[in-house]
Every structure is written in structure tokens, then in C-alpha cells.
Amino acid sequence: MSRNGVLIGIAGASGSGKTLVAHTLYDSLGSKKVLNLQEDSYYKDLSYLPFEKRTQFNFDHPAAFDHQLLISQLRSLLNGQSVHQPVYDFTRHIRSTETKTVQPHPIIILEGILVLATPELRDLMNIKIFVENRRNGWQRRQGRRHTRRTLSSHPLVRIGRRRDFHCPACLVDCRHR
């Protein structure tokens, strides 16, 4: 099969502004031409773990994502085929039994913290964008986002207010003061 679409990958730290860039491109290029996909939809299912263990899982590590499924579905979309995208339940940290039917579009924007970390995924991309932002805003936005997603007070929510903040594990551990 021949490739019918263009894939734009947008990566960066949590809260760096990836979604803003993706939405700006979407608005500029037109909703009929562009499909926005989030790497977060492809977290691995953790239903085999007790809830307490799921809340302690490192969601910023490459092993947290089912990149093989993402790659397979991107290839299908780029070849003009629809896919059944997983739906992730962020409050329970499991993959829902529901899926979302996604139709192919001429332009696909894929955004996520680690979309540029997997060579096979990078090789599918026509355009690669890394969004960098000042760390103070990044840390504050990440804390707010996790609070909205989980609506709870487990350690994942508090990470945005900690002094020693762990950047995506595959990249670096650092201290923000």
C-alpha cells in the first residue's frame, strides 16, 4: 500500500506547550484535513495491578506506552484505513474496554512526551517538532493537568508541587528550585 498522509510529531516535556502547538496547527490547516492524536491514549493497560500500584507507576517512561500499537495504527491511518484507538481511563489508570473509531486524514498530528523517543515511530514522521519551555511554567501546568485528569490527591497529583521533580525518566532526573 502507498502512503497517503503526512505525519507531524510534536514532543516536549509535560506542560511545555505541545497541545497549544498542535491546536494552532489544527486551526491553521483546517479541521477537515487534520487529525490530532495524543500519545496518552496509548498508555499500556495496568488493570492487572492493584490500584495503589497503578498510582505509583511512572507514566513518563517509554515502557508506559504501547508504542507498537501506536505505530501499527499510524501506519493504517497513513495508508487510508480507519482504526479503533484505545481510550485510557486516567482516573483508574487502565485502558477502557471502549475504543474510538478514527478515520484517516491527509495530515496527522501526533503529540506526546515521548513521540520522538522511539526510532520506529520517528521514522514514520515527515515533520518532527520539539517544544521547549521554561521549567517553572512547565512544572505548574503539569500539576494542574494531573489534578484535572485524576480528580484525586494521590502522589501523581502532588508531583507538580514537589521540589525534586523527575523529568521524563528516559531523559534526565533533575532538581527544580
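Our structure is the block above this text.
Below or above, wherever it landed, is the structure these notes cover. (Residues numbered from 1 in each chain as written. Predicted model: local features only at pLDDT ≥ 70, side-chain atom pairs only at ≥ 80, totals over all residues. Heavy atoms only, no water.)

### A word on the packing of aromatic side chains
Piece 1. Considering all chains together, one arrives at 6 aromatic pairs under this definition.
Piece 2. Judged by centre distance (5.1 Å) and plane angle (80 degrees), the rings of Tyr43 and Phe59 are edge-to-face. Of the two residues, Tyr43 sits in the loop between strand E2 (34-38) and helix H2 (51-55) while Phe59 sits in the loop between H2 and helix H3 (67-78), which places them 16 residues apart along the sequence.
Piece 3. By relative accessible area, which is 5% here, Tyr43 ends up buried.
Piece 4. Ring geometry for Phe57 and Phe59: centres 5.2 Å apart, planes at 65 degrees, overall edge-to-face.
Piece 5. Residue class for Phe57 comes out partly exposed when judged on its relative accessible area of 25%.
Piece 6. Here the aromatic cluster, defined as three or more aromatic residues joined through ring pairs, consists of Tyr43, Phe57, Phe59, Phe65, Tyr88 and Phe90. (Phe/Tyr/Trp six-rings, centres within 6.5 Å; stacked < 30°, edge-to-face > 60°. Helix = DSSP H or I, 4+ residues; strand = E, 2+ residues; numbered from the N terminus. Buried < 20%, exposed > 50% of the residue type's maximum accessible area, 1.4 Å probe, protein only.)

### Considerations on unusual backbone geometry
Piece 1. In this model, His93 sits at a positive phi of 60 degrees, which is unusual for a non-glycine residue.
Piece 2. Among the secondary structure elements, His93 is positioned in the loop between strand E3 (83-89) and strand E4 (94-102).
Piece 3. Among the residues examined, His93 registers a relative accessible area of 2% and is labelled buried.

### With respect to the pairing of E3
Piece 1. Most of E3 sits out of view: 5 of its 7 residues are buried.
Piece 2. The hairpin turn running from E3 into E4, its antiparallel successor, is 4 residues long, and His93 in that turn takes a positive phi close to 60 degrees. (Pairing = 2+ DSSP bridges.)

### Thoughts on the environment of Ala117
Piece 1. One can find Ala117 in the loop between strand E5 (107-111) and helix H4 (119-124).
Piece 2. The partly exposed category is assigned to Ala117, whose relative accessible area is 38%.
Piece 3. As a C-alpha pair, Ala117 and Pro62 span 55 residues in sequence and 7.6 Å in three-dimensional space.

### Examining the pattern of salt bridges
Piece 1. The full count for this structure, using the stated rule, is 3 salt bridges.
Piece 2. In this structure, the salt-bridge partner of Glu120 is Arg75, at a minimum N-O distance of 3.1 Å. Taken together, the residues Glu120 in helix H4 and Arg75 in helix H3 connect sequence positions 45 residues apart.
Piece 3. By relative accessible area, which is 31% here, Glu120 ends up partly exposed. (Salt bridge = Lys/Arg side-chain N within 4 Å of Asp/Glu carboxyl O.)

### Points about the nonpolar core
Piece 1. In terms of nonpolar packing, the biggest core is built from 19 residues, with Leu7, Leu37, Leu74, Ile108, Leu110 and Leu121 touching the most fellow members.
Piece 2. Every element with two or more residues in this core is listed here: strand E1 (6-12), E2, H3, E5 and H4.
Piece 3. Residues within four places of Leu74 in sequence aside, it is in contact with Leu7, Leu37, Ile108, Leu110, Leu121 and Leu124.
Piece 4. Of all hydrophobic cores here, the second largest spans 8 residues; its members include Tyr43, Phe65, Tyr88 and Leu114. (Core = buried A, V, L, I, M, F, W, Y, C linked by side-chain atoms within 4.5 Å. Contact = heavy atoms within 4.5 Å.)

This is a description of form; function is not addressed.
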